[in-house]
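# Summary of the model geometry
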Amino acid sequence: MPRRAQTPLIAGLSLILVLGIMTVAQTQAGYDLIIRNGRIVDGTGNPWYRGEIAVTGDTIAKIARTVEGTAARVIDAGGLTVSPGFIDPHTHARRGIFEVPTAENYVRQGVTTIMEGPDGGSPVPLKPFLEKVAAARISPNWGMFVGQGSVREQVMGNVDRKATPAEIERMKELVRQGMRDGAFGLSTGLFYVPGSFTPTEEVIELARTAGEMGGIHISHMRDEASKIVESTLETIRIGEEGRLPTQVTHHKIIGTANWGRSAETLRLVDEARARGVDATIDQYPYTASSTSIQAALMPRWAQEGARPQVLSRLKDPDTRAKIKAECVSLIRNERGGGDPRNIVIARCGWDGSLAGKNLSDITRVRGMEPTLENAAEAALWLVEQGGCSGIFHAISEDDLVRILRHPATMIGSDGEVPVFGQANPHPRSYGTFARVLGVYVREKRVIALEEAVRKMTSATAQRIGLPDRGVLRAGMKADIAIFDAAKIRDTATFERPHSYAEGVSHVIVNGQLVFEGGKMTAARPGRVLYGPAHR
Ligand SMILES: [Zn+2]
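Residues numbered from 1 in each chain as written. Predicted model: local features only at pLDDT ≥ 70, side-chain atom pairs only at ≥ 80, totals over all residues. Heavy atoms only, no water.

## Some words on the state of the cysteines
Stated precisely, the cut-off is as follows: The disulfide definition used here is simple: a pair of cysteine sulfur atoms within 2.5 Å. Labels follow the DSSP assignment, with helices taken as runs of H or I lasting at least four residues and strands as runs of E lasting at least two, numbered in each case from the N terminus. Accessibility here uses a 1.4 Å probe with only protein chains present; expressed as a share of the type maximum, an area under 20% marks a residue as buried, one over 50% as exposed, and anything in between as partly exposed.
Summed over all chains, the structure comprises one disulfide. Paired through a disulfide, C348 and C388 show a sulfur-sulfur distance of 2.2 Å. Across the disulfide from C348 to C388, rotation about the S-S bond amounts to roughly 100 degrees, and the bridge is consequently right-handed. With C348 in the loop between strand 15 (343-347) and helix 12 (359-365) and C388 in the loop between helix 13 (372-385) and strand 16 (389-393), the pair connects residues that are 40 residues apart, well separated along the chain. Of the two residues, C348 and C388, neither departs from the other in class, the shared state being buried. Left unpaired, C327 is separated from the closest cysteine sulfur, that of C388, by 13 Å. Relative accessible area serves as the criterion here: at 0%, C327 is assigned to the buried category.

## Describing the layout of surface pockets
Going by this rule: Throughout, the protein atoms alone are placed on a 1 Å grid, and a set of points is a cavity if a 1.4 Å probe fits but cannot get out or a pocket if it is open with protein on both sides within 12 Å along at least five of seven lines; lining residues have an atom within 4 Å of a point. Grid points are joined across faces, edges and corners, and a volume is the space filled by probe spheres set on the points. For this classification, Asp, Glu, Lys and Arg are treated as charged, while Ala, Val, Leu, Ile, Met, Phe, Trp, Tyr, Cys and Pro are nonpolar and the rest, including Gly, are polar.
Taken as a whole, the second largest pocket holds about 410 Å³ of empty space. Lining the second largest pocket are 21 residues, and of these R222, D223, R300, L330 and E334 lie nearest its centre. Of all elements in the fold, only helix 9 (293-297) and helix 11 (317-333) reach the threshold of two or more residues within the lining of the second largest pocket. Of the residues forming the lining of the second largest pocket, the biggest block, three residues, is contributed by helix 11. Here the residues of the lining of the second largest pocket sort into ten nonpolar, three polar and eight charged.

## Quick word on the pattern of salt bridges
Any two side chains of opposite charge can pair, on the condition that their charged atoms come close. Formally: Every case where a carboxyl oxygen of Asp or Glu lies within 4 Å of a side-chain nitrogen of Lys or Arg is listed as a salt bridge.
Considering all chains together, one arrives at 38 salt bridges under this definition. R341 is paired through a salt bridge with D339; the nearest N and O atoms lie 2.8 Å apart. With relative accessibility at 54%, the residue R341 sits in the exposed group. Put simply, R320, K324, E377 and E384 are held in one network by salt bridges that share partners.

## A few points about the coordination of the zinc ion
Filter applied, for reference: Atoms of type N, O and S within 2.8 Å of a metal are treated as its donors, and for Na, K and Ca the window is 3.2 Å; water is not considered, so some sites may appear to be missing partners. Sites are called tetrahedral only when four donors show all angles between 85 and 135 degrees, square planar or octahedral only when four or six donors show opposite pairs over 155 degrees and all other angles between 65 and 115, and irregular in any remaining case.
Looking at the zinc ion, one finds its protein donor set to be D119 (OD), D119 (OD), H220 (ND1) and H250 (NE2), positioned 2.1 to 2.5 Å from the metal centre. Relative to the metal, the four donor atoms surrounding the zinc ion lie at angles of 54 to 148 degrees, and the coordination shape comes out irregular. In the primary sequence, the donor residues of the zinc ion line up as D-x100-H-x29-H. Taken together, the residues D119 in the loop between strand 7 (111-116) and helix 3 (127-135) and H220 in strand 11 (residues 216-220) connect sequence positions 101 residues apart. With respect to burial, D119 and H220 carry one shared label: buried.

Next up, the structure:
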């Protein structure tokens, strides 16, 4: 009897004891993750300091020189740099994100947030697309801009004329809708049709609408070659008269005759900032750009309307001659950098074997000497066959470095999510962030590590409007990159673009490890991030 009577009592005491131990354990080891011994580069630009970071759930719980207690997972970051995850303000990641939802090319560089809808191009409306992204369970976070060109195309079509007041009202409503759906602002691509058909005043009206709802304006400018100065002034004016932050995206100077003019464009940005215009810049660290052959090498007027109209212009001998003359000039003075060998095919949907060939080779294979005229003929032939994307080597290293040094410049890839091994994409998709840290911080010492990280994290978060990301501080979301500053490097080249960056050891998104030990994990904690007017 006594033994039986004691049993419930012992059981009860045992339970209390177990609960007590659990409570103590939770208090002491209440963290999910601790990163120990790292050199913390916190994203603000401040010098690195030695410290430890504790994460609970999706949030940084504590940062201290030593964090007491234990955690389910401890990472020893001895000898490594711990920084906020990188934020990319300009990607074309919807090319590939549904095939490769891990966005491995970005994550392996330490990127934890990617922005889409650049260059004036986005889905309209955004909401169904964002629901699709959310359902795809992606690894990095994802945010969007609403594209002015897409809005204009939806209301007016691909036409070269001014909008009527009624059309402007309808476009403004689509911009408002985009902002309510979660956009962070308005992107323009005034270089591309139909954005190129838009008078500045019309852009300003739409930009003001986005700005009133808390958004920013980010622009692939009208002309990055001979009219680079006018275009920079236009971008500043859109911010000034639209009363919203304005950003020159993927800032570069195209065409040998224009090299050096970044000194002028940066001076214009400085002057604008001095008088109170919130103008900033982003950039990728390569001396080649990438876009479609048609956009790069055909005049705007020849691209008006739908594809059958474009093709019928090319069929008409007189019109073709005019288009070809302008194409020659674009190869000589702008994206061709004066030589058809500078133009390399990235991808042709209708003939995979052309990827990696340059326009000189293609001209020869077509049975012609690779003169500028014949290369233009070959380029128009490519457009007629179905079009291709290209890589254009026509940027100078001096301009690149000058722009990179500017304090208002942040880093953005302008890349996509490639399917590994497919086509011949620009290496920026695989290498942008690692290249800045490897080549421009470590090898060339153009900027300090802390400054480079600032340009990839807090500067971008502040610009876009992500108040809880971009800095390592208690209370912020736990988006974290851990890398070896002595080893991080890009390995993707123009010849072999499908090659992941090296030197990143761990990447954490919303508190969860998405990359470690050289491999992606099974976790896909990326979230759709919503802008200031979302409801
Ligand atoms: Zn662009």
